[in-house]
Amino acid sequence: MHQLSQTLIELGNDVTIVTFNTENASPFEIKDNLKIFRLPAINFLGGRYPIPKFNNKYFSMIKEIERLDYDYVITNMRFYLSSFIAAKIASRKNIPSILIEHTTGHFTVNNKFFDWIGHHYEHFISNIIKKRTDYFFGVSKACSNWLGHFGIKSNGEIFNGVDCNYQIRNYFNIKQMYNLPDDSIIIFFAGRLILEKGILFLTESINQLTKEINNIYLFIAGVGPLYEEIDNKYRNTNNIILLQQIEYDAVMNFLSQTDIVVIPSYYPEGMPTLILEAGANKCPVISTPMGGALEIISDNNYGIIIEPKNIDEIKKAILFLIENPEKRLALGENLYKKICENYNWKIITVNLLNELNRLKK
């Protein structure tokens, strides 16, 4: 969302971001020409579902937000209360409200009882929001199809994007920094460390592979409830390196030097950002077919698709790319071309503006 906002500003638009204050940050700031409001909130479900604190600060900030002059309200996801709040603000200001869907399945916390409650809640809140939102889009065709599960007809797609011309600000050499051999194979994963992201299948795959090949190294960028478990299990393993949460510039730095990106998710992904970022850096990708992944890796010229929750398939795909460096290079080049021709942020932002202008008529 930050990059979309930045590109909108570059194209001459004024952007205000309203979010929940889940990290005890400043309630308001202007950063990179963006006005950012952070509403007071409770970090429910470990921060995965923030709930607003309806206190005096909240209502005073809402009043301040409503006094601003803007033409559209754009929100992400149906089931967050922020989407309901945004739709109400748009209604009061009599301006169009647009919602962009980012998932292709029900929200889950890996508990059958709470998932059952969550599924019913999701239908309930989606039914309310669809009556108060003017237009719906998906970040992939798979997301647009998922909207139909709630009786919502998508108006089209506003894809996720990436900056194919991103310039790394703080370059560092990974092999030198981590004292790795020159012939090292660097594998990279970035994402929240939760079960559904498939990270435990990936770490076990690498753990097994290192018994056969000692020059492969998995770098994991992210935090989450599984961080401690992974850290404890592989702390004495030199081939699995936890980076915690790193800035976008560092992610792009790693990707610029990565040999293989693996996305083992069985989460209801919308359009995995890591595929786009990998493509912008000419990295070959091994991915499960979740969400919009198949729209990018549409055949074996653009990457390798594997079954979710399958350690053997992860190992087989990694070994294939290690043993076929020319295939790694071809996949990276093909993916780069596809991403930069179709998913560059400027292309996506112009498409969004065209859609907004069309909706005005």
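## Looking at the state of the cysteines
Within the structure shown, the criterion is met by one disulfide. Covalent S-S linkage joins C164 and C340, the inter-sulfur distance amounting to 2.2 Å. An S-S torsion of about -105 degrees defines the bridge between C164 and C340 as left-handed. Remark: C340 occurs in helix α13 (residues 325–342) and C164 occurs in the loop between α5 (141–147) and α6 (174–177); sequence separation between them is 176 residues. For C164, a relative accessible area of 11% corresponds to the buried category. As a non-bridged cysteine, C283 has C340 as the owner of its nearest cysteine sulfur, 12 Å distant.

## What to know about helix α4 (residues 112–132)
The terminal C-alpha atoms of α4 lie 30 Å apart, and with 21 residues this matches the ideal 30 Å at 1.5 Å per residue to within 8%. Within α4, the full set of buried residues consists of D115, E122, I125, S126 and I129. What you see down the axis of α4 is that its buried residues fit within an arc of 115 degrees, all on one side. Residues of α4 that are exposed and point more than 90 degrees away from the buried face comprise F113, W116, F124 and K131. Where α4 is buried, its residues meet α3 (81–93), β6 (97–101), β7 (135–138) and α5.

## Some thoughts on helix α7 (residues 199–209)
Judged by how many residues are buried, α7 sits mostly within the fold: eight of 11 residues are covered. Within the sequence span of α7, burial applies to I199, L202, T203, E204, S205, I206, N207 and L209. Summarising the contacts, the buried residues of α7 are in contact with β8 (185–190), β9 (216–221), α8 (227–234), β10 (240–244), β11 (260–263) and α12 (311–323).

## Structural notes on the packing of aromatic side chains
According to the stated counting rule, one finds 15 aromatic pairs in the structure shown. Taking 5.2 Å as the distance between ring centres and 90 degrees as the angle between the ring planes, the aromatic pair formed by Y166 and Y248 counts as edge-to-face. Here Y166 is found in the loop between α5 and α6, whereas its partner Y248 is found in helix α9 (residues 248–256), with 82 residues between them in sequence. Residue classification places Y248 among the partly exposed residues on the basis of a relative accessible area of 25%. In textbook terms, an aromatic cluster arises when at least three aromatic residues are bridged by ring pairs, as seen for F172, Y178, F188, F219 and F254.

## Thoughts on the side chain of D115
With respect to the helices and strands, the residue D115 is situated in helix α4. Looking at D115, the relative accessible area reads 12%, which means it is buried. Discounting chain neighbours no more than four positions away, the residues touching D115 are F107, T108, V109 and N110.

## What about the sheet that holds β6?
As summarised here, the arrangement of the three strands in space is β5-β6-β7, forming an open sheet in which the pairing is parallel. Each of the sheet's edge strands pairs with one partner strand only, and the pair in question is β5 (73–76) and β7. Recorded for the sheet is a direction-independent mean angle of 25 degrees between the axes of neighbouring strands. Two elements, β6 and β7, share four bridges in a ladder whose sense is parallel.

## Describing unusual backbone geometry
Positive phi outside glycine occurs at Q244, with the angle close to 60 degrees. By the secondary structure assignment, Q244 is in strand β10. Positioned with a positive phi, K282 is a non-glycine residue whose angle comes to about 60 degrees. In this fold, K282 is placed in the loop between α10 (273–280) and β12 (285–287).

## A closer look at the nonpolar core
Counting 56 residues, the largest nonpolar core has F188, F219 and V261 as its most contacted members. In terms of residue count, the dominant contributor to this core is helix α14 (residues 345–360) (six residues). If we ignore the near neighbours within four places in the chain, the residues touching F188 are L218, F219, A221, L243, V251, F254, L255, T258, I260, V261, V262 and L274. Counting 30 residues, the second-largest nonpolar core is a separate cluster that includes L202, I220, I230 and A317.

## Focus on a nonpolar patch on the surface
Taken together, the side chains of F113, F114, W116 and I117 define a hydrophobic patch exposed on the protein surface, amounting to about 460 Å² of accessible area. Structurally, F114 is set in helix α4.

## With respect to the environment of G224
With respect to the secondary-structure elements, G224 resides in the loop between β9 and α8. Residues G224 and V350, 126 residues apart in the sequence, show an inter-C-alpha distance of 35 Å. Not counting the four nearest positions on each side in its chain, G224 is found in contact with R192 and L193.

Parameters and conventions
- Residues numbered from 1 in each chain as written.
- Predicted model: local features only at pLDDT ≥ 70, side-chain atom pairs only at ≥ 80, totals over all residues.
- Heavy atoms only, no water.
- Disulfide = S-S within 2.5 Å.
- Helix = DSSP H or I, 4+ residues; strand = E, 2+ residues; numbered from the N terminus.
- Buried < 20%, exposed > 50% of the residue type's maximum accessible area, 1.4 Å probe, protein only.
- Expected span 1.5 Å × (residues − 1).
- Arc of directions from axis to C-beta.
- Contact = heavy atoms within 4.5 Å.
- Phe/Tyr/Trp six-rings, centres within 6.5 Å; stacked < 30°, edge-to-face > 60°.
- Pairing = 2+ DSSP bridges.
- Axes fitted to C-alpha atoms, helices over the stretch in contact; angles between N-to-C directions.
- Core = buried A, V, L, I, M, F, W, Y, C linked by side-chain atoms within 4.5 Å.
- Patch = residues over 30% accessible without salt bridge, like charges linked within 9 Å, V, L, I, M, F, W, Y side chains within 5 Å.
- Areas by Shrake-Rupley, 256 points an atom, 1.4 Å probe, with all protein chains shown as cover.
- Salt bridge = Lys/Arg side-chain N within 4 Å of Asp/Glu carboxyl O.

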